[in-house]
Structures are given as structure tokens and as C-alpha cells.
Amino acid sequence: MAAAEARIFLFNIEHPVFTAGVGQDWIYTEENKPLYWPVDRYLLPGERKTRFLGCDVTKQHHTLTQIAMGLLNNGFEIQVMEEAVPPEEMMDIPGMEDELRRPMMLLIRAGREKGGVMFPPPL
């Protein structure tokens, strides 16, 4: 089924704050501890070249507005939007607490009307 015919659209995407990150890495202290997550060119969509999992990759950056309006302008209703948070049981993993300092992933569930009725029904 093509996206234009879909009645539910469920997806996850790298959060715009993550893709707008400079080099998609923290700025570190002299002691090599994450100091802050740099964001630059957030409002300028397009290609971002970076290293990810040891590989050179090209990603597309979109603002949160572009993502949400892309759904709304195509007849979808955003039913759930969540910025993923690591589960409590992972907080003992080195570096995992830093994942609470900026969102990495964005999860969205959107629905579209079918015969005048929202399908699937909002949660």
C-alpha cells in the first residue's frame, strides 16, 4: 500500500535536535566527559554528512515543524508523538544517563480518516 493510501503511519526518525548536532557528537570537557550537545543550522533542512557507528553517512535533517506539517498537510492526524527515553534498567550502562540530556529518536503514530471515521481510533 502506498503512503498516500495508508490509514496509519507509524515511524521513528532521528530527532531533529540529534541531526542538527554538529558532527553528531558531544562537546567534551578536558577530562573527556560530555559537556553539551551542540546544535547548529537547525532551521536549515537538508543533507548532513557525519560519522555514525564508524561509517561516513549522509543524512537528511528536517525540523520538527516540517515533520509534523508533512503529516498534517497530507490528511494525517498526529495521535502520538514521543521522544524516546532509555528504560530505567539501562541507566547503569556507561554513558546512558547522558542520553537523557538530549533526544536521539522521535516516534510518531498518525492516522487518517477512512469513510469519515478516524482510523485507527485515537489512543
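Residues numbered from 1 in each chain as written. Predicted model: local features only at pLDDT ≥ 70, side-chain atom pairs only at ≥ 80, totals over all residues. Heavy atoms only, no water.

Draft legend 1. Quick peek at the packing of aromatic side chains. Taken as a whole and assessed by the stated rule, the structure comprises 4 aromatic pairs. On the basis of an interplanar angle of 15° and a centroid distance of 5.0 Å, the ring pair of Phe18 and Trp37 is categorised as stacked. Here Trp37 lies in the loop between β3 (34–36) and β4 (46–52) and Phe18 lies in helix α1 (residues 16–19), a separation of 19 residues in the sequence. Overall, Phe18 belongs to the buried group, its relative accessible area being 3%. Residue Trp37 is classed as buried on the basis of its relative accessible area, which comes to 11%. Measuring from ring centre to ring centre gives 5.3 Å for Trp26 and Trp37, while their planes differ by 80°; the resulting arrangement is edge-to-face. Of this pair, Trp26 sits in the loop between α1 and β2 (27–28) while Trp37 sits in the loop between β3 and β4, and the two are 11 residues apart along the sequence. Accessibility assignment for this pair places Trp26 and Trp37 in one class, buried. These aromatic residues form a ring-pair network of at least three members: Phe9, Phe11 and Phe76. (Phe/Tyr/Trp six-rings, centres within 6.5 Å; stacked < 30°, edge-to-face > 60°. Helix = DSSP H or I, 4+ residues; strand = E, 2+ residues; numbered from the N terminus. Buried < 20%, exposed > 50% of the residue type's maximum accessible area, 1.4 Å probe, protein only.)

Draft legend 2. Structural view of the side chain of Thr19. When you line up the elements, Thr19 lands in helix α1. Engagement of the side chain of Thr19 in a polar contact is seen with the side chain of His61, the distance being 2.6 Å. Once you skip the residues sitting within four places of it in the chain, Thr19 turns out to touch Glu14, Gln24, Arg48, Gln60 and His61. (Polar contact = N/O pair within 3.5 Å; in protein donor to acceptor, adjacent residues only side chain to side chain. Contact = heavy atoms within 4.5 Å.)

Draft legend 3. Quick look at a nonpolar patch on the surface. A cluster of nonpolar side chains, namely Ile27, Leu35 and Tyr36, defines an oily patch on the protein surface of about 270 Å² accessible area. Relative to the helices and strands, Tyr36 is located in strand β3. Look at Tyr36 and you get partly exposed, because its relative accessible area is 43%. (Patch = residues over 30% accessible without salt bridge, like charges linked within 9 Å, V, L, I, M, F, W, Y side chains within 5 Å. Areas by Shrake-Rupley, 256 points an atom, 1.4 Å probe, with all protein chains shown as cover. Salt bridge = Lys/Arg side-chain N within 4 Å of Asp/Glu carboxyl O.)

Draft legend 4. Summary view of the pairing of strand β5 (residues 55–61). Alignment of β4 against β5, held across 7 bridges, turns out to be antiparallel. Bridge pairing in β5 places Glu47 opposite Gln60. From the end of β4 to the start of β5, which pair antiparallel, there are 2 residues, and Leu53 there has a positive phi angle of about 55°. (Pairing = 2+ DSSP bridges.)

Draft legend 5. Fine view of unusual backbone geometry. Look at Asn32: it is not a glycine, yet its phi comes out positive at around 65°. Residue placement: Asn32 occurs in the loop between β2 and β3. Of the residues examined, Asn32 reaches a relative accessible area of 59% and is grouped as exposed.

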